[in-house]
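# Close look at the chain arrangement
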Amino acid sequence: MQLRLTFARMVTAASLVGLLGGCSSGLIDGLWGDDNGASDSASAALSADVTPDLMAARDNAEVAKAYNEALSSLNGGSTKTAIKQFAEVERKFPYSNYATQSILMQAYANYKAGKWDDSINAANRFITLHPGHRDVGYAYYLIAICQYNQISDTRRDQSATLKALAALEEVAQRFPGTAYAADAEKKVIVARDHLAGKEMEVGRYYYREGAYLAGINRFKRVVTEYRNTSQTPEALYRLTEGYMALGVLSEAQTAAAVLGANYPETQWYQDAYRLVSSDGLAPEANQQSWISKAFDTINPL
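Residues numbered from 1 in each chain as written. Predicted model: local features only at pLDDT ≥ 70, side-chain atom pairs only at ≥ 80, totals over all residues. Heavy atoms only, no water.

This next bit is on the overall build of the chain. In terms of regular secondary structure, the chain is built from twelve helices and two strands. Going from the N terminus to the C terminus, the chain shows its helices and strands as β-β-α-α-α-α-α-α-α-α-α-α-α-α. Buried positions account for 49% of the 301 residues belonging to the chain. Counted over contacts in the chain with a minimum sequence separation of 6, partners at least 24 positions apart contribute 62%. Summed over its atoms, the accessible surface of the chain is roughly 14,100 Å², and 49% of this surface lies on carbon and sulfur atoms. (Helix = DSSP H or I, 4+ residues; strand = E, 2+ residues; numbered from the N terminus. Buried < 20%, exposed > 50% of the residue type's maximum accessible area, 1.4 Å probe, protein only. Contact = heavy atoms within 4.5 Å. Areas by Shrake-Rupley, 256 points an atom, 1.4 Å probe, with all protein chains shown as cover.)

By size, the foremost hydrophobic cluster in this structure holds 72 residues, and its most contacted members are Phe86, Val171, Val223, Leu236 and Leu239. Top contributing element to this core by residue count: helix H5 (residues 136-148), with eleven residues. The residues contacting Phe86, other than those within four sequence positions of it, are Tyr67, Ala70, Leu71, Leu74, Ser102, Met105 and Gln106. (Core = buried A, V, L, I, M, F, W, Y, C linked by side-chain atoms within 4.5 Å.)

Interhelical geometry of helix H7 (residues 179-208) versus helix H8 (residues 212-225) gives an angle of 165 degrees and a closest axis separation of 7 Å. Judged on the interaxial angle alone, H8 and H7 are roughly antiparallel. For the pair H7 and H8, the sense of crossing is left-handed. For the pair H7 and H8, contact is made by Arg192, Ala196, Glu199, Met200, Val202, Gly203, Arg204, Tyr206 and Tyr207 and by Tyr212, Ala214, Gly215, Ile216, Arg218, Phe219, Arg221, Val222 and Glu225, respectively. Per-class residue counts for the contact of H7 with H8 are ten nonpolar, two polar and six charged. (Axes fitted to C-alpha atoms, helices over the stretch in contact; angles between N-to-C directions. Parallel < 35°, antiparallel > 145°, perpendicular 65-115°, else oblique. Left-handed = near helix turned anticlockwise from the far one by under 90°. Nonpolar A, V, L, I, M, F, W, Y, C, P; charged D, E, K, R; others polar.)

Counting across every chain of the model gives twelve aromatic pairs. Ring geometry for Tyr207 versus Phe219: centroids 5.0 Å apart, planes at 80 degrees, classification edge-to-face. With Tyr207 in helix H7 and Phe219 in helix H8, this pair connects stretches of sequence that are twelve residues apart. Take Phe219: its relative accessible area is 0%, and that puts it in the buried class. Of the aromatic side chains, those joined through ring pairs into one cluster are Tyr67, Phe86 and Tyr98. (Phe/Tyr/Trp six-rings, centres within 6.5 Å; stacked < 30°, edge-to-face > 60°.)

All right, on to the pattern of salt bridges then. Going through the model one piece at a time under the given rule, you end up with 14 salt bridges. The partner of Arg155 in a salt bridge is Asp153, and the shortest N-O contact between them spans 2.9 Å. Measuring nitrogen to oxygen at the nearest pair gives 2.9 Å for the salt bridge that ties Arg174 to Glu170. With Arg174 and Glu170 both in helix H6 (residues 159-174), this residue pair falls four residues apart, about one helical turn. Note on Glu170: relative accessible area 30%, which makes it partly exposed. (Salt bridge = Lys/Arg side-chain N within 4 Å of Asp/Glu carboxyl O.)

Tracing the sequence through the fold places Phe126 in helix H4 (residues 116-129). Look at Phe126 and you get buried, because its relative accessible area is 0%. When the C-alpha atoms of Phe126 and Tyr140 are compared, they prove to be 9.6 Å apart, with 14 residues separating the residues in sequence.

Turning our eyes to something else, we now look at the packing of helix H3 (residues 97-112) against H4. Between H3 and H4, the least distance of the axes is 7 Å, while the angle of their chain directions is 160 degrees. Between H3 and H4, the angle falls in the class roughly antiparallel. In this structure, H3 crosses over H4, and the sense of that crossing is left-handed. The segment H3 lies against H4, with Thr100, Ile103, Leu104, Gln106, Ala107, Asn110 and Tyr111 engaging Trp116, Asp118, Ser119, Ala122, Ala123, Arg125, Phe126 and Leu129. A class-by-class count of the residues in the contact of H3 with H4 yields nine nonpolar, four polar and two charged.

So, in structure tokens, the structure goes:
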């Protein structure tokens, strides 16, 4: 996906490779590779190469010189130096157009340096000071991407994923029809899948401990809150498994039937069918079951 980013007269173009796929339980730390296009070892599932085409400043010789030096540092890969130089432009020439752009460029340069929190702080400052600026959408988007890059393994706390999801959804809602929103909506799917993966991780743990009811509650959440994710087929199988273990056969049959109706080609359905059949039963949906009702409604992403 080609994404046009405009930094008022300075940044004229950038390319963004869109969503390539999701990762339900792996580490999603890196969205972009390094400046040379090589993939960073921490990146997973997604990659893109952001290479802004920066125009030199021409107005006011003194501020233009300072701003162009910052651009040169950024283009040369000296992001730390560029961050300091953009900050200096903002400090020395607070009422110039380049001061405004320098705030956004600090956010971008910090992003390039992998300093997610500093990038977020600069982008938030840009939004606060210039809420009507034509590049404010990019500032919101940059915040969301920095949050997204901090999503951690499903074995860890998922507060970062929740923040990323909220930020991505805000971009999609505030800037509908834009390239920012389109890309954010795709990444919302990955974030939701990650949260579902966390529920699956905890549910499996409860099952291993023999706490089937606690596990069922986790898998139920996947089905009701994260239905349109890659985790749902397994969640339905785990529900079949848990209800069989508890002797709640009608619900086990329903889970297996719903699994077969929606994901008939999966190994999860084959396993669920064998499990139910081992007790002389067959998958059969009870329309009054919460499982059937969950699939009668459309779950928005």
